[in-house]
Amino acid sequence: MTAADAHPLTLYPLGDGLGSVSLVQSVGDDKAVVNAARISFGGDSDAPLNDRDEKLIRYLLRHQHGSPFEHNLITFKIICPIFVDRQMVRHRAGVSKNEISGRYVEMQERNFTPPAFRKQAPSNRQASVEDDGTLDQAAAARVWEEAWRAAFGAYQELLRLGVTREQARGVLPLSLYTESYFTFNVRSLLHFLELRDHEGAQYETRLYARAMAQLTEPLFPVTFREWRALHAGG
Ligand SMILES: Cc1cc2nc3c(=O)[nH]c(=O)nc-3n(C[C@H](O)[C@H](O)[C@H](O)COP(=O)(O)OP(=O)(O)OC[C@H]3O[C@@H](n4cnc5c(N)ncnc54)[C@H](O)[C@@H]3O)c2cc1C
């Protein structure tokens, strides 16, 4: 049994069986979007979603009427490297977060190691490009491994010396995994996906964004279909 089979609502975006995105709960559906929009003229109903409703969702997305998408919620449990989490927390509007506390608990020895190292992009100062064969992958892997193990060893040593957890964690690396509950509404999730599943975004964060989309799309199939069509220029 693979790690992905263990929990059908959990995906492992980084492929190491450690980093994960789990769907914890969701509220609402495509019909809730339509009803929130139709309350404007008292037209909400229990009727199943129909063609007119689907057209309305398309209209709302195309004309950036965002508020009807704010009544639906999706909660994820996300276990990600701290450097990915630092990008996630930049998304302030319509996003709630609670994270494990390195003051309450000892941080686990869970570290992300890239399966392949990338090179700095020559033109875009933020971006990376795949190794063209000139990067010494083995040497990079060795340096990475030595660095995080030394840092984690120092953390454990500080704890052993009696230093408080809240100070000792200061030596931990950005590649260490942290875990949080994140709740997005559908509007804030689509905004997040537009920015973070984008070619300009950090590759590892893109993988998390795609996993979040993959878990959410079946819950809001019409919204996602129309949103994808809009961004494909359809
Ligand atoms: C590829 C990429 C590179 C990045 N590089 C950097 C970087 O180098 N340094 C850096 O610091 N950040 C960087 N960021 C983070 C970026 O600046 C945003 O903070 C992040 O993407 C969240 O976007 P947001 O503010 O639209 O989202 P949210 O915070 O969720 O806000 C959603 C929307 O609400 C509105 N809004 C929210 N807060 C305010 C406010 N205070 N005033 C007015 N309107 C508001 C805006 O319309 C905003 O688009 C980068 C992001 C990406 C995707």
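Residues numbered from 1 in each chain as written. Predicted model: local features only at pLDDT ≥ 70, side-chain atom pairs only at ≥ 80, totals over all residues.

## Observations concerning the environment of Met88
Within the secondary structure, Met88 is located in helix 4 (residues 82-88). The spatial distance from the C-alpha of Met88 to the C-alpha of Thr205 is 8.1 Å, given a sequence separation of 117 residues. (Helix = DSSP H or I, 4+ residues; strand = E, 2+ residues; numbered from the N terminus.)

## Some remarks on the pairing of strand 3 (residues 73-81)
Strand direction decides the pairing type here: strand 2 (residues 20-27) and strand 3, joined by seven bridges, are antiparallel. Each bridged residue has a counterpart across the sheet, and for Leu23 the counterpart in strand 3 is Phe76. (Pairing = 2+ DSSP bridges.)

## Re the packing of helix 7 (residues 186-196) against helix 8 (residues 203-216)
As a packed pair, helix 7 and helix 8 sit with axes 9 Å apart at the nearest point and diverge in direction by 145°. Once helix 7 is placed against helix 8, the crossing between them reads as left-handed. Here Leu189, Phe192, Leu193 and Arg196 of helix 7 come into contact with helix 8, specifically with Thr205, Arg206, Ala209, Met212, Ala213 and Thr216. A breakdown of the residues in the contact of helix 7 with helix 8 according to their chemical character gives six nonpolar, two polar and two charged. (Axes fitted to C-alpha atoms, helices over the stretch in contact; angles between N-to-C directions. Left-handed = near helix turned anticlockwise from the far one by under 90°. Contact = placed C-beta atoms within 7 Å. Nonpolar A, V, L, I, M, F, W, Y, C, P; charged D, E, K, R; others polar.)

## Regarding the confidence of the model for the chain
In this model, the chain carries a mean pLDDT of 95, and residues with pLDDT of at least 70 account for 96%. Across residues 1-7, where pLDDT falls below 50, the model places six contacts with residues more than four positions away in sequence or in other chains. (pLDDT = per-residue confidence, 0-100.)

## Structural notes on helix 2 (residues 30-38)
For helix 2, every residue scored as buried is listed here: Asp30, Val33, Val34 and Ala37. The buried residues of helix 2 all sit within an arc of 95° when viewed along its axis, so they share a single face. Where helix 2 is buried, its residues touch helix 3 (51-62) and helix 9 (221-231). (Buried ≥ 20, exposed ≤ 12 C-beta atoms within 10 Å, placed from the backbone. Arc of directions from axis to C-beta.)

## Quick word on the site of the ligand
The local shell around the ligand consists of Arg90, His91, Arg92, Ala93, Gln126, Ser188, His191, Leu195, Arg196, Gly200 and Ala201. Considering only residue class, the shell around the ligand consists of three nonpolar, five polar and three charged. (Near = placed C-beta within 6 Å.)

## Observations concerning the UniProt feature "binding site: FAD" (unreviewed entry) in the chain
Listed under "binding site: FAD" (unreviewed entry) in the UniProt record, and renumbered for this structure, are Ser67, Arg90, His91, Arg92, Glu99, Asn185, Val186, Arg187 and His191. Across 125 residues, the annotated set is spatially dispersed, with a maximum C-alpha separation of 27.1 Å. With respect to the helices and strands, the residue Arg90 is situated in the loop between helix 4 and strand 4 (95-99). Under the C-beta neighbour-count criterion, Arg90 is labelled exposed, with 10 such atoms within 10 Å. Residue class for Asn185 comes out buried when judged on the 22 C-beta atoms lying within 10 Å of it. Once residues within four sequence positions are removed from consideration, Asn185 is found in contact with Phe69, Glu70, Asn72, Leu73 and Gly94. (UniProt positions renumbered as here; feature names shortened; annotations may be inferred.)

## Focus on helix 9
Residues of helix 9 that are buried include every one of Thr223, Phe224, Glu226 and Trp227, and no others. Contacts made by the buried residues of helix 9 are with helix 2, helix 3 and helix 7.

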